Amino acid sequence: MCGFVGYINFDSKPLNYDVLKKMTDIQSHRGPDDQGLLGFSLFKDQTASPIRGEKVIYEKFQGGIGFNRLSILDLSQNGHQPMISNCGNVIIAYNGETYNAFKYAKELKERGYKFRSTTDTEVLLNLYMEYGIEGMLKRLNGMFAFAIIDLKKKKCFVARDHFGIKPIYVYRNRQTIMFSSEVKSFTAHPEFEAQINSDNLDEYIMFRYCAHDRSLFSNVNQIPPSHYYEITEQEVKIKEYWTLLPEETEPKSFDESLNILDSTLKASIKSQLISDVKVGCQLSGGIDSSLVTTYAREFFKANMDTFSIVFDDEKYSEEEWINYVTNYTQSDSHRYQHSNHYVYENLFNATWHLDQPISIPNAFGIKRMAERAKENVTVLLSGEGADELFGGYSRFHDLSCRVNNNMDFYSKIPLVGNRLKKKYGLETSLEDFFILSSSALTLDSLKLYNKNSNIENVMQNRRQIFPKGGDILKNASIYDMRTYMVDLLNRQDKMTMAHSVENRVPFLDRDLVELVMSLPTNFLVPKTNSLKDFGNSNKFTKHILKKLAVQKYNEKFVYRNKSGFPLPMLNLFLETPMKEMIEDLLLPGIKKRDLFNYPEILKIWNKNPRHFTSADLKNLWMFFSFEVWAQLFIDQN
């Protein structure tokens, strides 16, 4: 796990060492163990070499890459990056871990490739040399973002892994293209202008994040999962190299599928324990992180460490379930108390690390946990991805209710009919119903907070992400994995890497994902049989994974209500210096920026706190977190 940044000038302007060094230093937290800077000329005299020397202009280079290394595999200098091929024609800067890389090392050696290190970086470099960009990418199973400079072909490739586990951004204007693991590095380049992309504000307000290639910054794009940029002197192209498709294989019984899932998950976790530094598990107490912890324990000969955030208030606490799992696995549990004062004190710092508004405030819990976990480990395994992959959210059950039941009949039942029409969006398409089910605002609220909103534009952008044809529930899962999950993964990456901790996600092993997509939908989200089951989503979500969990834990543990790691927002607003910050800094900033309906926001804030609804608190947080981000990145305060 590392971080890198690079830029290429199209107007023959020479590389500026000082600029590249500043861009690289800004994300030094991603890799405190080593740093490398390299200049290259891609379009004219094809050459590259390491560079050093403050305030030096390198006339012969029009591009450069800066790299910060967090040493995980091969801790020696042999793993130094950017790495140059033995022939001198290809450069790689690589962030991530490819868990199947070493199965190709023997084949490459037999083909004559010489290895100087025992890193997966060098395997990827040689895979590219042998098979090209597409051939290399189709072989990889892991999490990665990388840049490859091919001096001979006069091309630069910048790629992101299949599921978007590792972040990578691109900024482009007429003169320059930049790429970076974190947006903040762009701010050190004189060509970068930090401006709000107003076209994406509606999407942010509705969903709390921007999906696919979009961001809140003008001219800054995320590289979508399973895509890469191909950069030449003539053009910049973006290509998709892999598509997740729900392809059901020859039908298997539920028990047989359960056994295959068991062995595949175990293999994924075993492969993701590869490391030359200490590994631990992030344990929230939910079944996903608990399963990862339980499977991982099998492969630890000595003690295994788990790391958790706990709450004083029993309403928010999962400590009972954390106790259950740590006792079950006999692991060493490290627990850190949630503190609203920590949220207040880290509001600007955490936003700076995230590069975007902190739309989900439990990001502070992840940051706090990583900060303390670094005292013991460098790598953490987490349970991210399971809910999207297996259909774990209540919206999957709601969609199943619409698909598999005669809603016309139920909607005519006296007293409950109108409620059912509203809850299941019977006047909208199945696709729009699912898209809107993950929105944070109602359409009426969007219009209230932004009178110039264009909801149809937002919906059309989201519909383009939703797969067409086939099983609607599988398509919904793929949609969630392309949207909401990518934002959660970004949060995991940025908050752990803020403290130089690598986060791994075994549920997003490519073999495991393809297995789950081949299972009958009913194994994931079973059909409901009667109206009384409509409200019981816990029984009808993530079915096969919960059955796997029942083999290890008791049913009370597995089928309890999902907590979602909430935070005590009202206490945060009113019982810390946050209240003063809101009234003295954030509310005036929102008013002056004039992007949202300030009187409506102020009306909520001026309510009697006893009358705050959950929606009020979430909406206030959304606007406050946006203003913090804008003051940091747009105003550059």
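Residues numbered from 1 in each chain as written. Predicted model: local features only at pLDDT ≥ 70, side-chain atom pairs only at ≥ 80, totals over all residues. Heavy atoms only, no water.

Visitor: Hey, could you go over the overall build of the protein for me, with residue numbers and the actual values?
Guide: Each helix and strand counted, the protein has 26 helices and 20 strands in total. The globule rule puts the C-alpha radius of gyration for 637 residues at 26 Å, and the 25 Å found for the protein is close to it. A principal-axis box enclosing the C-alpha atoms of the protein has dimensions of 80 × 60 × 45 Å. Counting over 637 residues, the protein shows a buried share of 61%. (Helix = DSSP H or I, 4+ residues; strand = E, 2+ residues; numbered from the N terminus. Rg over C-alpha atoms; globule rule 2.2 N^0.38 Å. Buried < 20%, exposed > 50% of the residue type's maximum accessible area, 1.4 Å probe, protein only.)

Visitor: Tell me about the sheet that holds strand E20 (residues 502–504), and name the residues and values.
Guide: Within a sheet, adjacent strands bond to each other through the backbone by hydrogen bonds, running parallel or antiparallel. Reading across from one edge, E18-E17-E16-E19-E20 is the order of the five strands in this open sheet, with parallel pairing throughout. Across the chains shown, the open sheet's two edge strands, defined by having one partner strand only, are strand E18 (332–337) and E20. On average, each strand axis in the sheet is tilted by 30° relative to the strand beside it, whichever way the strands run. Where strand E17 (residues 305–310) and E18 come together, six bridges link them in parallel fashion. Counterpart to Asp305 in the pairing with E18 is Asp332. (Pairing = 2+ DSSP bridges. Axes fitted to C-alpha atoms, helices over the stretch in contact; angles between N-to-C directions.)

Visitor: Quick one: what's the story with the layout of surface pockets, residue by residue and with numbers?
Guide: For the second largest pocket, the calculated volume is near 300 Å³. Forming the boundary of the second largest pocket are 18 residues, of which His212, Pro225, His227, Glu240 and Arg482 lie nearest the centre. In the lining of the second largest pocket, the residues fall into nine nonpolar, six polar and three charged. (1 Å grid on protein atoms, 1.4 Å probe; cavity = no way out; pocket = protein on both sides within 12 Å on 5 of 7 lines; lining within 4 Å. Points joined across faces, edges and corners; volume = space filled by probe spheres on them. Nonpolar A, V, L, I, M, F, W, Y, C, P; charged D, E, K, R; others polar.)

Visitor: Summarise the pairing of strand E4 (residues 47–50); cite the residues concerned and give the values.
Guide: Looking at chain direction, strand E3 (residues 34–41) and E4 are connected through four bridges and run antiparallel. From the neighbouring strand, Ser41 faces E4, where its bridge partner is Thr47. What sits between the antiparallel neighbours E3 and E4 is a turn of five residues.

Visitor: Describe the sheet that holds strand E13 (residues 220–222), naming the residues involved and giving the relevant values.
Guide: Pairing is antiparallel across the open sheet formed by seven strands, whose spatial order is E4-E3-E6-E1-E12-E11-E13. The open sheet is flanked by E4 and E13, the only strands paired with a single partner. Each strand of the sheet is rotated relative to its neighbour by a mean of 15°, with strand direction disregarded. When strand E1 (residues 2–9) meets strand E12 (residues 176–180), the two strands line up antiparallel, connected through five bridges. Within the sheet, the bridge partner assigned to Asn9 lies in E12 and is Thr176. Along the sheet face, helix H1 (residues 17–26) touches E1, E3, strand E6 (63–69) and E12 and points at about 140° away from the line of E3. (Contact = heavy atoms within 4.5 Å.)

Visitor: Requested: an account of the packing of helix H5 (residues 254–271) against helix H21 (residues 543–550), with residues and values cited.
Guide: In contact at an axis separation of 10 Å, H5 and H21 are set at 75° when each is read in the N-to-C sense. Between H5 and H21, the crossing angle belongs to the class labelled roughly perpendicular. For the pair H5 and H21, the contacting residues are Phe254, Ser257, Leu258, Leu261, Asp262 and Leu265 in the first and His543, Ile544, Leu545, Lys547 and Leu548 in the second. (Parallel < 35°, antiparallel > 145°, perpendicular 65-115°, else oblique.)

Visitor: I'd like a description of the environment of Lys607, backed by residues and values.
Guide: Structurally, the position occupied by Lys607 is in the loop between helix H25 (598–605) and helix H26 (614–634). The class for Lys607 is partly exposed, based on a relative accessible area of 33%. Once you skip the residues sitting within four places of it in the chain, Lys607 turns out to touch Phe612 and Asp616.

Visitor: Can you explain the packing of aromatic side chains? Please cite residues and give values.
Guide: Enumeration according to the criterion identifies 38 aromatic pairs in this entry. With a centroid separation of 5.5 Å and 85° between ring planes, the pair formed by Phe163 and Trp242 is classed as edge-to-face. One end of the pair, Phe163, is in the loop between strand E10 (155–160) and strand E11 (169–172); the other, Trp242, is in the loop between strand E15 (236–240) and H5, with 79 residues separating them in the sequence. With respect to class, Phe163 is no different from Trp242; both count as buried. With 6.4 Å between their ring centres and 50° between their planes, Tyr209 and Tyr484 make a pair best called tilted. In this pair, Tyr209 is assigned in the loop between helix H4 (201–207) and E13 and Tyr484 in helix H18 (residues 484–497), connecting sequence segments 275 residues apart. According to the relative accessible area criterion, Tyr209 is buried, its value standing at 4%. By relative accessible area, Tyr484 is classed as partly exposed at 22%. Through a chain of ring-to-ring contacts, three or more aromatic side chains come together here, namely Tyr171, Phe186, Phe192, Tyr204, Phe217, Tyr449, Phe596, Phe623, Phe626, Trp629 and Phe633. Across the ring face of Trp352, the terminal group of Lys184 is positioned such that the distance to the ring centre comes to 4.8 Å. For the cation-ring pair, Arg560 lies above Phe557, with the distance from its terminal atom to the ring centre recorded as 4.7 Å. (Phe/Tyr/Trp six-rings, centres within 6.5 Å; stacked < 30°, edge-to-face > 60°. Lys NZ or Arg CZ within 6 Å of the ring centre and 35° of its normal.)

Visitor: Tell me what's going on with the pairing of E6, and back it up with residues and numbers.
Guide: Taken across its seven residues, E6 has seven buried, putting it largely inside the fold. Taken together, the seven bridges between E1 and E6 define a ladder with antiparallel strand orientation. Residue pairing in the sheet places Gly3 in a bridge with Asn68 of E6. When E3 meets E6, the two strands line up antiparallel, connected through seven bridges.

Visitor: Mind laying out H1, listing which residues take part and the relevant values?
Guide: All buried positions along H1 are accounted for by Tyr17, Asp18, Val19, Leu20, Met23 and Thr24. Those residues of H1 that are buried are in contact with E1, strand E2 (15–16), E3, strand E5 (57–58), E6 and E12. One side-chain oxygen of the residue at the start of H1 lies 2.9 Å from the amide nitrogen of Asp18, identifying that residue as Asn16. (Polar contact = N/O pair within 3.5 Å; in protein donor to acceptor, adjacent residues only side chain to side chain.)

Visitor: Explain the side chain of Arg214 to me, and be specific about the residues and the numbers.
Guide: Within the secondary structure, Arg214 sits in the loop between H4 and E13. A polar side-chain atom of Arg214 sits 2.8 Å from a polar atom in the side chain of Glu203. Each residue touching Arg214, except ones within four places of it in the same chain, is listed here: Asn200, Glu203, Gln222, Asn461, Arg462 and Ile465.

Visitor: Quick rundown of helix H24 (residues 578–593)? Include the residues and the values.
Guide: At Leu586, H24 shows its strongest bend, of approximately 30°, with the proline Pro588 following within four residues. What H24 keeps buried is the set Met578, Met581, Ile582, Leu586, Leu587, Gly589 and Ile590. Among the structural elements, helix H8 (340–354), helix H23 (569–574), H25 and H26 are those in contact with the buried residues of H24. Just downstream of H24, Asp594 is the residue with a positive phi angle, here 55°. (Bend = angle between axes of the 7 residues up to and from the residue.)

Visitor: Lay out the environment of Thr264 with the relevant residues and their values.
Guide: Tracing the backbone through its elements, the reader meets Thr264 in helix H5. Thr264 sits in the buried class, given a relative accessible area of 16%. Separated by 251 residues in sequence, Thr264 and Leu515 place their C-alpha atoms 8.3 Å apart. Sequence-distant contacts of Thr264, that is, excluding residues within four places in its chain, are made with Asp511, Leu512 and Leu515. Within polar-contact distance, the side chain of Thr264 engages the backbone oxygen of Ile260 at 2.7 Å.

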